[in-house]
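Take a look at the letters that make up each chain.
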Amino acid sequence: MSKMKMSNEERRNSKLEEALEVKSLRRIISAYLNYSDAAEEDVKRYERSFKKLPPAHKALLSHLPLKFQRLRRCISINSFFILNMLQAFEPPLDMSQDIDICEHEDPESAPEYQLHSGERNFCSCQSVSTSGRMSSSKTDLTSPDCGRDLTCISLKGKSNNEEVRMESVSEPVNESQPVNSEDSKVSSRVHDDARIVNNQMELYPTSDSNGNASAPPRDWLDPSLQLNVPLVDVDKVRCIVRNIVRDWAPEGRRERDQCYKPILEELDRLFPSRFKDRPPSCLVPGAGLGRLALEISCMGFISQGNEFSYYMMICSSFMLNHTQNAGEWTIYPWIHSNCNSLSDNDQLRPVSFPDIHPASAGITEGFSMCGGDFVEVYSDSSQEGVWDAVVTCFFLDTAHNIVEYIEIISRILKDGGVWINLGPLLYHFADAYGPDDEMSIEISLEDVKRVAFHYGFQLEREKTIETTYTANSRSMMQNRYYAAFWTMTKKEAISKKRETI
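- An unreviewed UniProt entry lists the protein under the name carnosine N-methyltransferase, from Nelumbo nucifera.
- Database annotation for the protein, UniProt heading Sequence similarities (unreviewed entry): "Belongs to the carnosine N-methyltransferase family."

Written out as structure tokens, the structure is:
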């Protein structure tokens, strides 16, 4: 009888977990779909402010109404890309299922990690063949063990709150903004396939450059399944748009050279002989939109990117799987802030992407993207001593407990394995004031290195690199990091030496 009771309770908890998962994913998808509404509200606010001007001042700024029209057109073009991205997304769960259970369940009976989790993540792995096509499979969350196949690791893992690095935008994130004179260069298919009607995104069958119709809109994009989301969620979508520039646009090359190039050069120096039959393995936690992990794969590594943000994963999957050629898409990433602009044309300039076709980049067999929380995924015993290299770029400060991150990095590296890090220590949860009282361990760079030495690392190289993060290169304000860059080597097996500091 007790076994039957336990079984029923487990099924009940499993159903609750899946309902919470679906609700969280709906919230993220709703944030993407609410992008145009939020942007339209910004434009209306601009217009209201303009109408309040005295006639003489209006005359001086008579070009602004035209700018507002251009802004709406740019919003429409950005929305067109977002809709195509969402239509290509393959949800790992049944998005049409009833989620009312989330509202009726006693919070005390739910797993603690699900409480207050505005958005959550599943754990899955997408493996990419040499053709560049990724295949995705949802992890069996009940599985007690995980495979060690580096081409597609299937691991259990819990989901954490969504976090998208937003603090380092090169200008304040206002809730509104404008568009560019070069938008006439955008393919005319934008106007046929996407538009804003009554301030709502409308879904249209899309076509490629050859006029081939794509799949019809997904049922899970039905407006009846959408949720009302706060503006902070929409800001995360705007952040993703800027991250596209950083990772996949020609305009982001300077930033990639600052951040990714030193890492790639160090990997090339440390692994001069990379054989096709025995390629070294490299893990990239916090892989974002996937460009660094892809570049490492193209160098001859079995590369795996790990990312826990659904916002990021939806976009990275589209970039890696569904782009058909370089320069295929155009967005207007800088339209959401009127501050620190040199000119309207700078603010409203279009950005084409991707700068390369990922599927034709020359990836190494075994390239994959694994979705899930880094701590939960790579704490699994099957990961111990698996990786030749771990690369962390703007990642360490995303931790609740940075000591735990370093301990796991040490554990998953082989003896003699290499850890390459680049980034600041702008701890993401440092200002997380609220009822949740989230854990945030915020230590100095000196202490970070001391912790690393405790877990068996030896410092090989170290320097400071000046860089930006998703910066608008033409803005009057530039936020710069003096990021720590180091190479450390794991000296010995220390599995028996792990102690509490």
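A short note on the pattern of salt bridges
(1) Moving on: For the structure on display, the rule yields 23 salt bridges.
(2) Moving on: Asp344 is the salt-bridge partner of Lys67, the closest N and O atoms lying 3.0 Å from each other. Pair noted here: Lys67 is in helix H4 (residues 64–88) and Asp344 is in helix H11 (residues 344–347), with a separation of 277 residues, a long-range link.
(3) Moving on: Using a relative accessible area of 9% as the deciding quantity, one classes Lys67 as buried.
(4) Moving on: A relative accessible area of 23% means that Asp344 is categorised as partly exposed.
(5) Moving on: The salt bridge partner of Glu466 is Arg480, with a shortest N-O separation of 3.6 Å. Linking Glu466 in strand S12 (residues 457–467) with Arg480 in the loop between S12 and strand S13 (481–490), this pair joins segments that are 14 residues apart in sequence.
(6) Moving on: According to the relative accessible area criterion, Glu466 is partly exposed, its value standing at 37%.
(7) Moving on: A relative accessible area of 37% places Arg480 in the partly exposed class.

Side note on the nonpolar core
(1) Moving on: Counting residues in each nonpolar core, the largest one holds 87 residues, and the members touching the most others are Tyr32 and Leu267.
(2) Moving on: No other element matches the 13 residues that H4 contributes to this core.
(3) Moving on: Core analysis: the next-biggest nonpolar cluster, separate from the first, contains 30 residues, Trp387, Leu396, Ala452 and Ala484 among them.

Details of helix H8 (residues 253–270)
(1) Moving on: Here H8 contains 18 residues, and its C-alpha end-to-end distance of 24 Å stays within 8% of the 26 Å for a straight helix at 1.5 Å per residue.
(2) Moving on: The largest bend in H8 is about 45 degrees, located at Tyr260, with the proline Pro262 one to four residues further on.
(3) Moving on: Where H8 is concerned, the buried positions are Glu255, Arg256, Gln258, Cys259, Tyr260, Pro262, Ile263, Leu264, Glu266 and Leu267.

Things to note about the packing of aromatic side chains
(1) Moving on: Going through the model one piece at a time under the given rule, you end up with 18 aromatic pairs.
(2) Moving on: Between Phe50 and Phe68, the ring centres sit 6.4 Å apart and the planes meet at 85 degrees, which makes this aromatic pair edge-to-face. Within this pair, whereas Phe50 is found in helix H2 (residues 35–51), its partner Phe68 is found in helix H4, the two being separated by 18 residues in sequence.
(3) Moving on: On the numbers, 5.4 Å between centres and 85 degrees between planes, the contact of Phe394 with Tyr481 is edge-to-face. Here Phe394 is found in the loop between strand S10 (387–393) and helix H13 (402–412), whereas its partner Tyr481 is found in strand S13, with 87 residues between them in sequence.
(4) Moving on: Overall, the relative accessible area of 12% leaves Tyr481 in the buried class.
(5) Moving on: By the ring-pair criterion, three or more aromatic residues cluster together here, those being Phe80, Phe81, Phe318, Trp329 and Phe353.

Comments concerning unusual backbone geometry
(1) Moving on: Of note, the bond from Phe353 into Pro354 is cis; its omega dihedral lies within 30 degrees of zero at -5 degrees.
(2) Moving on: Among the secondary structure elements, Pro354 is positioned in the loop between strand S8 (351–353) and strand S9 (367–371).
(3) Moving on: The phi dihedral of Phe394 falls on the positive side, at around 55 degrees, and the residue is not glycine.
(4) Moving on: Despite not being glycine, Thr470 has its phi angle at roughly 50 degrees, a positive value.
(5) Moving on: For Thr470, the location among the structural elements is in the loop between S12 and S13.

Overview of the packing of helix H7 (residues 231–248) against helix H10 (residues 310–322)
(1) Moving on: For the pair H7 and H10, interaxial distance at closest approach is 10 Å and the crossing angle is 35 degrees. When the axes of H7 and H10 are compared, the crossing they make is right-handed. Note on element contacts: H10 touches H7 through Tyr311, Met312, Cys315, Met319 and Leu320, opposite Asp233, Lys236, Val237, Ile240, Asn243, Ile244 and Trp248.
(2) Moving on: Split by residue class, the contact of H7 with H10 holds nine nonpolar, one polar and two charged.

Cut-offs and rules
Think of each chain on its own: its residues are numbered from 1, step by step along the sequence as written. Restriction of local features to residues with pLDDT of at least 70 applies here, the model being predicted, together with a cutoff of 80 or more for giving and counting side-chain atom pairs; totals for whole chains, interfaces and linings are based on all residues. As a rule here, side-chain values cover all heavy atoms of the structure and leave hydrogens and water aside. UniProt positions are given in the numbering used here, feature names are shortened, and annotations may be inferred rather than shown by experiment. By convention in these notes, a salt bridge is any Lys or Arg side-chain nitrogen within 4 Å of a carboxyl oxygen on Asp or Glu. Strands are runs of DSSP state E lasting at least two residues, helices are runs of H or I lasting at least four, and both sets are numbered from the N terminus onward. Any residue under 20% of the maximum accessible area for its type is buried, any over 50% is exposed, and the rest in between are partly exposed; the area is computed with a 1.4 Å probe on protein chains only. Here the nonpolar core consists of buried residues drawn from Ala, Val, Leu, Ile, Met, Phe, Trp, Tyr and Cys, with membership extended through side-chain atoms lying within 4.5 Å. Here a helix's expected span is defined as the number of its residues, less one, multiplied by 1.5 Å. What we call the bend at a residue is the angle made by axes fitted to the seven residues finishing there and the seven residues starting there. By convention, a stacked pair of Phe, Tyr or Trp rings (six-membered ring in the case of Trp) has centres within 6.5 Å and planes under 30 degrees apart, an edge-to-face pair has planes over 60 apart, and any other such pair is tilted. Angular values range over 0 to 180 degrees, each being the angle between N-to-C directions of two axes fitted as lines to C-alpha atoms, with helices fitted over their stretch in contact. Helix crossings get a hand from a simple test, with the near helix turned counterclockwise from the far one by less than a right angle marking a left-handed crossing and a clockwise turn marking a right-handed one. Every residue pair with non-hydrogen atoms within 4.5 Å of one another is taken to be in contact. Ten residue types, Ala, Val, Leu, Ile, Met, Phe, Trp, Tyr, Cys and Pro, are classed as nonpolar, four, Asp, Glu, Lys and Arg, as charged, and the remainder, Gly among them, as polar.

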